[in-house]
Amino acid sequence: MTTLQTDVDSTVIPNPLSVDLDEDGLNDLLVLSDTSLHIAFGRGGDFTYTVGGPDGDLATQITDLSLVSFDRDGRYPSIVLATKRETSDGRTEPILQQSVINANGLLLLKTLSDYPVIAQGVECAWIESAGLPWCFFAGDGARPASWPAGYRHGQSRLVELDPRGIWRLAMNSEYLAYRDELDALYAPPSSRDRPDARLRTVERLFESLEVVDSILAVGWAGAASTVADSVRAINYGLSDRSRIYARDLTGAVGLPWPVELSMEYDQQRRPDGRWMDGYFMQSAAFLDFSGDGREDLIAVGLHSGVFSAVQGETGRFISAGYHGRPDEYYRVSAPKVDRGAHVSVPPCVYYGMDEGEASKPDYVECFDVSGNQWYPLDLPGGPYWMKRTPVQFWDLDGDGTIDFAARNEDGTWTAFTFIQER
């Protein structure tokens, strides 16, 4: 079991958007607004990315961001943004999501291919079994233009990101174009046998011959999991360097999205507030709350209970479902530590609630592995309202335990530390 104590010196609260992007030993400051991401580098200089702007009656807004590295060592974190398009009358439209890929300190703007979302939040994590990062986009519900009033479509997505995916598929698809007689079930011939094909591939992709050789050696069958993957890569342009290859894993790993909502039918069929679970998701977090070494998933939303799922050995999520009474959740935050850090991470999350609409203020919930259930922890001295602000977790005094801070109604902060009973 885990408890909280408040006798923590909270004079210094770290900024959750301060991170060393370029591995120069100096933290860089990220400043997020509705329409832009600004980075002030610790060594001097800055970088600004502005999204959207007016497009007829549509405007693109940034709602959240998540930091994730494309390498196992956790260096050079990239930035994945959650975005949505909103009209002046309050309607929302799905949009392809944006990212700032960190290529060893060089920041590259990329669009995630193929999967539009009305994203209210995003959370990413390195998944060891996949060897790639996964990102969960918490999607808000919307009514498609062709649907009658009272019907809505809730679309959250779990996607796998591979910054080299399109290039890999493009190179192999290029080979298929040169060899019409080649059966797609077999790997393409060595590039040494067709130097003209290799040269044209390099010209289109601006890659070195060594890189092309090493990738082609894998073969088409190993680079594309399905023919559809290859076709999608072709459709998005083999040499389109502005996109990053994303693969939708949502249904394949056992998550319950997308969901469709009939206001009248579902309210009658699932009374007591349960009828809107999962439709208006706002935030998600990855945390190994089951204690098996794999990243589990927690997601929250408006008019919904808390969704949680355990990641199994194959990557599929098990024990997935909603718990607790439906309420108005803005954000879920979970402890994160650097890989290799000797810190005891509690199986606990912090919920930021919608002040004025939620039935209770912010609270903490922890998972009891032996009892296979969640239990709440009240925050002494509250109420606290973090709303959509992410909670920062850190080891304040270097004792190997996790601390965090919550904002009081008067704007001051109280720091807490997790005490795990053994």
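Structure report, in brief. Just so it is clear, the model here is predicted, and its values are computed rather than measured.

Right, let's talk about the sheet that holds strand β20 (residues 304–311) for a bit. Strands sit in the order β18-β19-β20-β21 across an open sheet of 4 strands; the sheet is antiparallel. The open sheet has two edge strands with one neighbour each: β18 (280–287) and β21 (317–327). If you compare each strand with its neighbour and ignore which way they point, the axes differ by 15 degrees on average. Sheet topology note: the β18/strand β19 (residues 296–302) ladder contains 7 bridges and is antiparallel.

Once that is clear, we can look at the state of the cysteines. A complete count under the given rule lists 2 disulfides for this structure. The disulfide partner of Cys124 is Cys135, and the S-S distance across this bridge is 2.0 Å. One quick way to see it: the torsion about the S-S bond of Cys124 and Cys135 is about 110 degrees, and its sign makes the bridge right-handed. Of this pair, Cys124 sits in strand β11 (residues 119–127) while Cys135 sits in strand β12 (residues 132–139), placing them 11 residues apart in sequence. Two residues share a disulfide in this structure: Cys348 and Cys366, whose sulfurs sit 2.0 Å from each other.

What follows deals with the nonpolar core. Counting 24 residues, the largest nonpolar core has Phe136, Leu158, Leu255, Leu297 and Phe317 as the members making the most contacts within it. Every element with two or more residues in this core is listed here: β11, β12, β18, β19 and β20. Looking at this core, the element that brings in the most residues is β18, giving 4 residues. Setting aside residues up to four positions removed in sequence, Phe136 forms contacts with Gly121, Val122, Glu123, Ser156, Arg157, Leu158, Leu255, Trp257, Ala284, Phe286, Leu297 and Ala299. One finds Phe289, Tyr329, Met353 and Ala358 within the second-largest nonpolar core, a separate group that totals 18 residues.

Buried residues dominate β11, accounting for 9 of its 9 residues. As defined by bridge partners, β11 adjoins β12 across 8 bridges and the pair is classed as antiparallel. Bridged to Ala125 within β12 is Trp134. Counting the residues between successive antiparallel strands, the hairpin from β11 to β12 contains 4 residues, one of them, Gly131, with a positive phi of roughly 70 degrees.

Bridge analysis of strand β24 (residues 363–368) against strand β25 (residues 373–377) gives 5 bridges, and the strand direction is antiparallel. Within β25, the residue paired with Cys366 across the bridge is Tyr375. Taking the residues between adjacent antiparallel strands as the criterion, β24 and β25 are bridged by 4 residues, where Asn372 takes a positive phi near 55 degrees.

The rules we used
Residues numbered from 1 in each chain as written. Predicted model: local features only at pLDDT ≥ 70, side-chain atom pairs only at ≥ 80, totals over all residues. Heavy atoms only, no water. Pairing = 2+ DSSP bridges. Helix = DSSP H or I, 4+ residues; strand = E, 2+ residues; numbered from the N terminus. Axes fitted to C-alpha atoms, helices over the stretch in contact; angles between N-to-C directions. Disulfide = S-S within 2.5 Å. Core = buried A, V, L, I, M, F, W, Y, C linked by side-chain atoms within 4.5 Å. Buried < 20%, exposed > 50% of the residue type's maximum accessible area, 1.4 Å probe, protein only. Contact = heavy atoms within 4.5 Å.

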